[in-house]
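Each chain, written out:
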Amino acid sequence: MNMMKLEFLSRSENERFARTVISAFVLELDPTMQELSELKTAVSEAVTNAVIHAYGEKNGIITMEGKITEDTVEIIISDKGKGIEDIELAMEPMYTEAPEAERSGLGFTIMQTFTDELDVESMPGKGTKITMRKSIKR
Amino acid sequence: MDTKIIKQKRTLLISPQCDIDHHSVAKIRTETDRLISSTGVINIAFDFSGVGFMDSSGIGMIMGRYRKVKALGGRVYIVNARPEIMRLIGLSGLADIVTILDTIGDLENEHDEA
């Protein structure tokens, strides 16, 4: 069993930082290139959502937690930002709150496709918590 | 990011040398749009041999460039994308609207329309 917790500012520079951290963390599970790529992409989508939507113009804190049990990694990406009004709507493929910024609205679809379990909790005004689980086949 | 005009000045070849994510797309977008306007090219070719990672921010950026060149009568080409990136391109539906090529050589051989 292993765990980690990372807090960082909601700056776009930290999207790559978060991907690097999660890659390093799951190395002990010896993932294939595809598994690693899928995990990095899912994390990138969740962190990017928080960077773009959580705190508006100001910067806030994004937290990334990781837990490894047996062959499964659980990753939680959370913020204390503005939250999601309608989670079901937000998760519809192609839906985006930022079309003028050329956002494709594919983030949640990618998270769902590239992980085994996805859970979204959010409260307007309080924050958002994205939990993803992926089994790394041995 | 390397850029080059090829194909009788009708195609802009862009070779990013970085991860393509939300952070890096702003610069790629600005630079690409600036070059489209100033050089009069109608096609864009992305050479992804220097790109180790791309997420949906890259999809959005490619989509935006596609809309731009489509209005000019041009096309978007993608060359040298590694398997993980090809998977994302397929998942997003982008594969149906851009032209995927294996090598720069294939790009040189392409006949432009319009």
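Each chain has its residues counted from 1, following the order in which its sequence is written. Naming scheme: in the order in which they are written, chains are lettered from A and ligands are numbered from 1. Totals for whole chains, interfaces and linings use all residues, but because this is a predicted model, local features are given only for residues with pLDDT of at least 70 and pairs of side-chain atoms are given and counted only at 80 or more. The side-chain quantities take in all heavy atoms of the structure and omit both hydrogens and water.

(A) Expanded view of a negative patch on the surface. On the surface, Glu85, Asp86, Glu88, Glu92 and Glu97 of chain A cluster together into a negatively charged patch. Structurally, Asp86 of chain A can be placed in the loop between strand E3 (72–79) and helix H3 (87–90). Note on patches: the residues involved have over 30% relative accessible area and no salt bridge, like charges join within 9 Å, and the nonpolar side chains Val, Leu, Ile, Met, Phe, Trp and Tyr join within 5 Å. Using a 1.4 Å probe, the Shrake-Rupley method yields the accessible areas, and only the shown protein chains count as cover for residues. Whenever Lys or Arg places a side-chain nitrogen within 4 Å of a carboxyl oxygen from Asp or Glu, that contact is recorded as a salt bridge. Residues scored as charged are limited to Lys and Arg (positive) and Asp and Glu (negative), so that His and the chain ends carry no count. To locate a charge, the coordinates of NZ of Lys, CZ of Arg, CG of Asp or CD of Glu are taken. A helix here means a DSSP run of H or I that spans at least four residues, while a strand means a run of E at least two residues long, and both kinds are numbered starting from the N terminus.

(B) Quick look at empty space enclosed by the protein. The rule is simple: put a 1 Å grid over the protein atoms alone, call a set of points where a 1.4 Å probe fits but cannot get out a cavity, call an open set with protein on both sides within 12 Å along at least five of seven lines a pocket, and count a residue as lining if it has an atom within 4 Å of a point. Grid points are joined across faces, edges and corners, and a volume is the space filled by probe spheres set on the points. Scanning the entire structure with this criterion turns up one cavity of 30 Å³ or more. By volume, the largest cavity amounts to about 30 Å³. In this structure, the largest cavity is lined by Leu106, Thr109 and Ile110 of chain A together with Leu88, Leu91 and Ser92 of chain B. When residues in the lining of the largest cavity are grouped by element, the largest group, three residues, is from helix H3 (residues 83–92) of chain B. Gly is placed with the polar residues, together with every amino acid not listed as nonpolar (Ala, Val, Leu, Ile, Met, Phe, Trp, Tyr, Cys and Pro) or charged (Asp, Glu, Lys and Arg). Taken together, the residues of the lining of the largest cavity break down into four nonpolar, two polar and no charged.

(C) View of the packing of aromatic side chains. Here a Phe, Tyr or Trp ring, Trp counted by its six-membered ring, pairs with any other such ring whose centre lies within 6.5 Å, and the pair is stacked when the planes are under 30 degrees apart, edge-to-face when over 60, and tilted otherwise. Following the criterion strictly, the structure yields two aromatic pairs over all chains and no others. Considering the side-chain rings of Phe8 of chain A and Phe17 of chain A, the 6.4 Å spacing of their centres and the 80° angle between planes classify their relative orientation as edge-to-face. A simple rule labels every residue: compare its accessible area, found with a 1.4 Å probe on the protein chains alone, to the largest value its type can have, and call it buried under 20%, exposed over 50%, or partly exposed in between. For Phe8 of chain A, a relative accessible area of 5% corresponds to the buried category. For the pair Phe46 of chain B and Phe48 of chain B, a centre-to-centre distance of 5.8 Å together with 40° between the ring planes defines the contact as tilted. Each member of the pair, Phe46 of chain B together with Phe48 of chain B, is buried.

(D) Geometry of the pairing of E3 of chain A. All names here are of chain A. In terms of residue burial, E3 counts as a mostly covered element, since eight of its eight residues are buried. On E3, burial covers both faces: Thr72, Glu74, Ile76 and Ser78 on one face and Val73, Ile75, Ile77 and Asp79 on the other are all buried. When DSSP finds two or more bridges between two strands, those strands count as paired. Looking at chain direction, strand E2 (residues 61–69) and E3 are connected through eight bridges and run antiparallel. Bridged to Thr63 within E3 is Ser78. Direction of pairing for E3 relative to strand E5 (residues 127–135): antiparallel, over a ladder of eight bridges. By the bridge assignment for E5, Ile77 is matched with Ile130.

(E) Broad picture of the nonpolar core. Note on terminology: a nonpolar core comprises buried Ala, Val, Leu, Ile, Met, Phe, Trp, Tyr and Cys residues joined through side-chain atoms within 4.5 Å. With 60 residues, the main nonpolar core has Val43, Met64 and Ile77 of chain A together with Phe46, Phe48, Met54 and Ile62 of chain B as its most contacted residues. The dominant element in this core, judged by the number of residues it contributes, is helix H2 (residues 33–54) of chain A, at seven residues. Throughout, a contact is declared for two residues whenever any of their heavy atoms are within 4.5 Å. Here Val43 of chain A is in contact with Ala18, Ile22, Met64, Ile75, Ile77 and Met132 of chain A, once residues within four sequence places are set aside. If you look at the next biggest cluster of nonpolar residues, it comprises seven residues, including Leu13, Tyr77, Val79 and Leu101 of chain B.

(F) The pattern of salt bridges, seen in detail. One pass over the full model with this rule turns up twelve salt bridges over all chains. Its salt-bridge partner being Arg11 of chain A, residue Glu13 of chain A comes within 3.2 Å of it at the nearest N-O pair. Here Glu13 of chain A falls in the partly exposed class, since its relative accessible area comes to 37%. The closest approach of N and O atoms between Glu31 of chain B and Arg34 of chain B, which form a salt bridge, is 2.8 Å. With a gap of three residues between them, Glu31 of chain B and Arg34 of chain B both fall in helix H1 (residues 22–39), about one helical turn apart. Through salt bridges with shared partners, a single ionic network connects Glu102 of chain A together with Arg29, Asp33, Arg65 and Lys68 of chain B.

(G) Representation of the sheet that holds strand E5 (residues 99–101) of chain B. Residues and elements named next belong to chain B. The strand order E1-E2-E3-E4-E5 describes an open sheet built from five strands, whose pairing is mixed. Each edge of the sheet is formed by a strand with only one pairing partner; in this case those strands are strand E1 (2–6) and E5. Neighbour-to-neighbour, the strand axes of the sheet open up by a mean angle of 20°, direction not taken into account. Two strands pair when backbone bridges link them, and E1 and strand E2 (residues 11–15) are joined in this way by five bridges, in the antiparallel orientation. Geometry is summarised by axes, namely lines fitted to C-alpha atoms with helices restricted to the contacting stretch, and by angles between N-to-C directions that run from 0 to 180 degrees.

(H) Structural view of helix H4 (residues 107–114) of chain A. Here H4 of chain A lies mainly inside the structure; six of its eight residues are buried. Considered for burial, the residues of H4 of chain A that qualify are Gly107, Phe108, Thr109, Ile110, Met111 and Phe114 of chain A. Its buried side turned inward, H4 of chain A meets H2, H3, strand E4 (117–123) and E5 of chain A together with helix H2 (56–72) and H3 of chain B.

(I) Inspection of the interface of chain B and chain A at higher detail. Between chain B and chain A, the contact holds 20 residues from the first and 25 residues from the second. When chain B packs against chain A, close to 1,800 Å² is buried across both sides, 53% of that on carbon and sulfur atoms. The interface formed by chain B and chain A includes five salt bridges. One salt bridge in this structure joins Asp19 of chain B and Arg19 of chain A, with 2.9 Å as the shortest N-O distance. Think of a polar contact as two N or O atoms within 3.5 Å of one another; within protein, one of them needs to be a possible hydrogen donor and the other a possible acceptor, and neighboring residues in sequence only count if both atoms come from side chains. Connecting chain B to chain A are eleven residue pairs in polar contact (both at pLDDT 80 or more). If you tally residues by element for the side of chain B that touches chain A, the top one is H2 of chain B, at seven residues. Note: buried area is the sum, over both parts, of the accessible area (probe 1.4 Å) each one loses when the two are combined.

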